[in-house]
Amino acid sequence: MPLLPDLETIHPDVHTAPFWEACKRRELRLQRCTACGRFRQPPLPGCPHCGSTGVEWTRSSGRGRVFSYTIVHHPAMPSLKGSVPYNVIVVELDDAPGARLISNLLDTQPGEIEVGMRVELSWDEVSPDVVLPRFRRPSHAGSSREPAS
Ligand code: ZN
């Protein structure tokens, strides 16, 4: 049973490119305002809280919890037709308060996902140019795709 959307292309712009470049190095990096210190995700040209354009890219451990999720039954794009149903989760990261990352939970059936459940980053290289930050349940020990420390 397919559980994941097939996303082999991404289209970074000037604001999101640093995020995707970091992913290729297996580093989850999130935009943080250098003026007020707040995180923002998805990346934006300026801080919605204080208006500063100062930015740094802070590395996250990739550990967090499911803030929200949905199960997709109708493909949003023709290329996803063979992937439904799949999950889309919103992850709240432990070390990046305020930043919420939209991703997928690997190796999990739709009925097993719960708001608040612990998740860990798991890099998914879908092509040489596209490395996606996806997540697993921490109980999946022995994975060869644990985040680098
Ligand atoms: Zn700010």
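The structure this text deals with has already been given above.
Quantities reported herein were computed from a predicted structural model and do not represent experimental measurements. All chains use their own residue numbering, which begins from 1 and follows the written sequence. Restriction of local features to residues with pLDDT of at least 70 applies here, the model being predicted, together with a cutoff of 80 or more for giving and counting side-chain atom pairs; totals for whole chains, interfaces and linings are based on all residues. Excluded from the side-chain calculation are hydrogens and water; included are all heavy atoms of the structure.

### Some points on the environment of Phe 67
Numbering of helices and strands runs from the N terminus; a helix is a DSSP stretch of H or I covering at least four residues, while a strand is a stretch of E covering at least two. Within the secondary structure, Phe 67 is located in strand 4 (residues 63-72). Type-normalised accessible area, obtained with a 1.4 Å probe on protein chains alone, sets the label of each residue: buried when under 20%, exposed when over 50%, and partly exposed for intermediate values. Judged by relative accessible area, Phe 67 falls into the partly exposed class, the value being 32%. Expressed as a C-alpha distance, the spacing of Phe 67 and Met 117, which sit 50 residues apart in the sequence, is 8.4 Å. Those residues in contact with Phe 67, other than ones at most four positions away along the chain, are Val 90, Val 91, Glu 92, Arg 100 and Val 115. Should any heavy atoms of two residues lie within 4.5 Å, those residues are considered in contact.

### Some thoughts on the packing of aromatic side chains
Stacked, tilted and edge-to-face are the three classes applied to pairs of Phe, Tyr and Trp rings, where Trp contributes its six-membered ring and a pair requires centres within 6.5 Å; stacked means planes under 30 degrees apart, edge-to-face means over 60, and tilted covers the rest. All chains considered together, the criterion is met by 1 aromatic pair. Residues Phe 19 and Trp 20 carry aromatic rings whose centres are separated by 5.0 Å and whose planes lie at 90 degrees to one another, so their mutual orientation is edge-to-face. Overall, Phe 19 belongs to the buried group, its relative accessible area being 4%. Just above the ring of Phe 67 sits the side chain of Arg 100; from NZ or CZ to the centre is 3.6 Å. The rule for a charge over a ring is simple: NZ of Lys or CZ of Arg within 6 Å of the ring centre, and within 35 degrees of the ring normal.

### Points about the sheet that holds strand 1 (residues 28-33)
An order of 2-1-3 is seen for the 3 strands of this open sheet, with the pairing classed as antiparallel. Both outer strands of the open sheet, strand 2 (39-40) and strand 3 (55-60), are each paired with one neighbouring strand and no more. Axes, fitted as lines to C-alpha atoms, cover a helix only where it is in contact. Angles between the N-to-C directions of the axes lie from 0 to 180 degrees. Together, strand 1 and strand 3 form the strand contacts of helix 1 (residues 17-24), whose direction differs from that of strand 1 by roughly 150 degrees. Only strands joined by at least two bridges in the DSSP assignment are considered to pair.

### Focus on the pattern of salt bridges
Put simply, a salt bridge is a Lys or Arg side-chain nitrogen that is within 4 Å of an Asp or Glu carboxyl oxygen. For the structure shown, the criterion picks out 11 salt bridges. In this structure, the salt-bridge partner of Glu 27 is Arg 29, at a minimum N-O distance of 2.7 Å. By relative accessible area, which is 22% here, Arg 29 ends up partly exposed. One salt-bridge network, in which partners are shared between bridges, spans Arg 25, Glu 27, Arg 29 and Arg 59.

### Some details on the sheet that holds strand 5 (residues 86-93)
Taken together, 5 strands build an open sheet; the order of strands is 6-5-4-7-8 and the sheet is antiparallel. Only two strands of the sheet have a single partner each, and these edge strands are strand 6 (100-103) and strand 8 (130-136). Pairs of neighbouring strands in the sheet enclose a mean axial angle of 35 degrees, with direction left out of account. Judged from the 3 bridges that link them, strand 4 and strand 7 (residues 118-127) form a sheet pairing that is antiparallel. If you follow Arg 65 over to strand 7, its bridge partner there is Arg 118. Packed on one face of the sheet, helix 1 meets strand 6, strand 7 and strand 8 and runs near 75 degrees to strand 8.

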